[in-house]
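Listed below are the residues making up each chain.
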Amino acid sequence: MPEKLDMFCYQCSQTAGGTGCTQWGVCGKSPTVARLQDNLLLAAKGMSAYLYHARELGYTDPEIDAFLERAFYATFTNVNFDAEAFVELAVEAGEMNLRTMRLLKEAHIKAFGEPTPTQVRTGTVPGRAIIATGHGLKALHALLEQTEGTGINVYTHSELLPAHGYPGLRKFPHLVGNLGKAWFDQKELFAKVPAAILGTSNCVLLPREEYRDRMFTTGPARLPGVPHIPGYDYTLVIERARELPELPQAPGEVTMTTGYSLGSILPLAGKIKELVEAGKIRRFFLVGGCDAPHKKSTYYREFVQALPQDTIVLTLACGKFRFNDLELGEIEGIPRLIDLGQCNDSIVAVDLAQALADLFGVGVNDLPLTLVISWMEQKAVAILWSLLALGIKGIYLGPILPAWVNEDILKVLQAEYDLRLIGEPREDIARMLSG
């Protein structure tokens, strides 16, 4: 074993400064190239997650597969040393991610119907229960089919909240509500709710001992000491749920509304245009993204609370849990808070922005629309580059910069895309409304 691990180059497994390594720890690559490689790897991981769920439902795309091959190969230690080439690959990753998200959305709609606005209970009802968490709609559907008529209720958690909007999932009467908020509350939530738990994708955490013996994973998710179900036969989960006590009647404090799709919003286009032209809707804000237990993430709730009454908030992904319990009311029948779904549903926001641009006869950047994105993980990287690939400028990003961004990369993003960092909510709102 080497005396000092940092004498070993993580890129090429050569001794730093030796024959195979020309610069300390980075094989001759500049720090910017190394960071851009990290960015591309993260974007490719995010795309792969979307593609996995599409493939589960029988949808594939050889062009996406071919791009992923090129992207992963380009990050080989001694293949590509060109920073500009990696920026080009990042933009292409954004374009391919749009294609991937559109493929997944098609798969979801064909399998479960197009979502419609749906109110979702947040408390518990009497009966034994299973909580499903993650992003796996196919896994949730299989679980609902297998628990039908058993007397076991199924609850969603975090990114599975939008499942309630799909007719093919909502038709099961024992899909009774949503428990908890963003992914990082699961340790506390799962410890106090005596239900069986099924993790269907990413966003599962190492379990506490209080609930390890009633947790299961499926699909790509794996946890040490937790039974994994490789297919879609959830007999073990159902049997464990039967062994647990019934949950009580405990109504939640709020009812959430989810399930807004392009098909449910476009019929309102004429009314929206009328309200904008009459000055009754001043601006749209897309506020969402990946949430994280970061103290600065309180910004997003404060931001939404401070918005004027003549503004509309579009939201998606688990970032919405910072504020989706707020009652924002309506503007002449148009809800002020519109939940477009999971991070998987970001393509709905893209298509909606384009539809609004067409409606008003302007470019997307000329719309009264501001994007305020919360940052966390791999899929967020892919989505950010999708937005940049579309030429969208003036995005506000927070609560902190992505780890792969250094000063040089930030300068390019600011110069080319007018990327901005969040500051103080009221000051940001004033700047956005005046722009």
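Conventions and cut-offs
Residues numbered from 1 in each chain as written. Predicted model: local features only at pLDDT ≥ 70, side-chain atom pairs only at ≥ 80, totals over all residues. Heavy atoms only, no water. Helix = DSSP H or I, 4+ residues; strand = E, 2+ residues; numbered from the N terminus. Buried < 20%, exposed > 50% of the residue type's maximum accessible area, 1.4 Å probe, protein only. Contact = heavy atoms within 4.5 Å. Areas by Shrake-Rupley, 256 points an atom, 1.4 Å probe, with all protein chains shown as cover. 1 Å grid on protein atoms, 1.4 Å probe; cavity = no way out; pocket = protein on both sides within 12 Å on 5 of 7 lines; lining within 4 Å. Points joined across faces, edges and corners; volume = space filled by probe spheres on them. Nonpolar A, V, L, I, M, F, W, Y, C, P; charged D, E, K, R; others polar. Pairing = 2+ DSSP bridges. Axes fitted to C-alpha atoms, helices over the stretch in contact; angles between N-to-C directions. pLDDT = per-residue confidence, 0-100. Phe/Tyr/Trp six-rings, centres within 6.5 Å; stacked < 30°, edge-to-face > 60°. Core = buried A, V, L, I, M, F, W, Y, C linked by side-chain atoms within 4.5 Å.

**A word on the overall build of the protein chain**
A tally of regular secondary structure across the protein chain gives 15 helices and 16 strands. Viewed in the frame of its principal axes, the protein chain has a C-alpha envelope of about 70 × 60 × 40 Å. Counting all 435 residues of the protein chain, 55% fall into the buried class. Sequence separation of 24 or more characterises 71% of the internal contacts of the protein chain that already satisfy a separation of 6 or more. Roughly 18600 Å² of accessible area belongs to the protein chain as shown, and the carbon and sulfur atoms make up 53% of that amount.

**A look at the environment of Arg-420**
Here Arg-420 lies in strand S16 (residues 420–421). For Arg-420, a relative accessible area of 30% gives the class partly exposed. Leaving out residues up to four positions away in the same chain, Arg-420 has contacts with Gly-394, Ile-395, Tyr-396, Leu-397 and Arg-431.

**As for the layout of surface pockets**
In this approach, a probe sized like a water molecule rolls over the atoms, and the result shows the empty space that is left. The space that makes up the largest pocket amounts to roughly 560 Å³. Along its surface, the largest pocket is lined by 22 residues, and Thr-122, Leu-179, Gly-180, Leu-189 and Lys-192 are the ones closest to its centre. Of the residues assigned to the lining of the largest pocket, the class counts are ten nonpolar, six polar and six charged.

**Structural notes on the sheet that holds strand S15 (residues 396–398)**
Ordered by their spatial adjacency, six strands build an open sheet running S13-S10-S9-S14-S15-S16, and the pairing between neighbours is parallel. Pairing within the sheet leaves two strands with one partner each, and these edge strands are strand S13 (337–339) and S16. In terms of strand pairing, strand S9 (residues 283–289) meets strand S10 (residues 311–315) through four bridges, oriented parallel. Note that in S10 the partner of Leu-286 across the bridge is Leu-314. Sheet strands touched by helix H11 (residues 299–306): S9, S10, strand S14 (369–374) and S15. Its angle to S14, the strand with the most contacts, is close to 155 degrees.

**Considering the confidence of the model for the protein chain**
When pLDDT is low, close inspection of the predicted coordinates is not appropriate. Of the residues in the protein chain, 93% have a pLDDT of 70 or more, and the chain-wide mean is 92. Counted against residues more than four places away or in other chains, residues 1–26, with its pLDDT under 50, gives 35 contacts.

**A short note on the sheet that holds strand S4 (residues 175–178)**
Think of a sheet as strands paired side by side through backbone hydrogen bonds, with each pair either parallel or antiparallel. Spatial strand order, S4-S3-S2-S5-S6-S7: six strands in an open sheet with parallel pairing. The open sheet has two free edges, formed respectively by S4 and strand S7 (228–229), since each of these has just one partner strand. In this structure, strand S2 (residues 129–133) lies alongside strand S3 (residues 153–157), joined through five bridges in parallel fashion. If you follow Ile-130 over to S3, its bridge partner there is Val-154. Sheet strands touched by helix H4 (residues 137–147): S2, S3, S4, strand S5 (196–199) and strand S6 (215–218). Its angle to S3, the strand with the most contacts, is close to 165 degrees.

**Points about the environment of Leu-68**
Residue placement: Leu-68 occurs in helix H2 (residues 62–74). Between the C-alpha atoms of Leu-68 and Leu-41, which are 27 residues apart in sequence, the distance is 9.5 Å. Apart from residues lying up to four places away in sequence, Leu-68 is in contact with Ala-44, Met-47, Ser-48 and Leu-51.

**Let's talk about the packing of aromatic side chains**
Scanning all chains against the criterion turns up ten aromatic pairs. Seen from their ring centres, Phe-112 and Tyr-166 are 6.3 Å apart, and the 80 degrees between their planes marks the pair as edge-to-face. Taken together, the residues span a long stretch of sequence, with Phe-112 in helix H3 (residues 83–112) and Tyr-166 in the loop between S3 and helix H5 (167–170) at a distance of 54 residues. Taken individually, Phe-112 and Tyr-166 each receive the classification buried, so the pair is uniform in this respect. For the ring pair Trp-183 and Phe-184, a centre distance of 5.4 Å and an interplane angle of 85 degrees mean the geometry is edge-to-face. Taking relative accessible area as the criterion, Phe-184 reaches 27% and is therefore assigned partly exposed. Through a chain of ring-to-ring contacts, three or more aromatic side chains come together here, namely Phe-285, Tyr-299, Tyr-300 and Phe-303.

**Examining unusual backbone geometry**
The amide bond that connects Gly-398 to the next residue, Pro-399, takes the cis arrangement and shows omega of 0 degrees. Along the chain, the position of Pro-399 falls in the loop between S15 and helix H14 (407–417). You will see that Ser-158, though not glycine, has its phi angle at about 55 degrees, which is positive. Its place among the elements puts Ser-158 in the loop between S3 and H5. Its identity as a non-glycine residue notwithstanding, Glu-332 has a phi of 50 degrees, on the positive side. As for its position among the elements, Glu-332 is in the loop between strand S11 (330–331) and strand S12 (334–335).

**Some remarks on the nonpolar core**
In globular proteins that are soluble, nonpolar side chains generally tend to be buried together. Of all hydrophobic cores here, the largest spans 73 residues; its most connected members are Leu-340, Trp-385, Ile-395 and Leu-413. The element that contributes the greatest number of residues to this core is H3, accounting for ten residues. In contact with Ile-395, other than residues within four places in its own chain, are Leu-371, Ile-373, Leu-384, Leu-387, Leu-388, Asp-418, Leu-419 and Arg-420. Leu-140, Leu-160, Ala-196 and Val-237 belong to the second-largest nonpolar core, a separate cluster that totals 26 residues.

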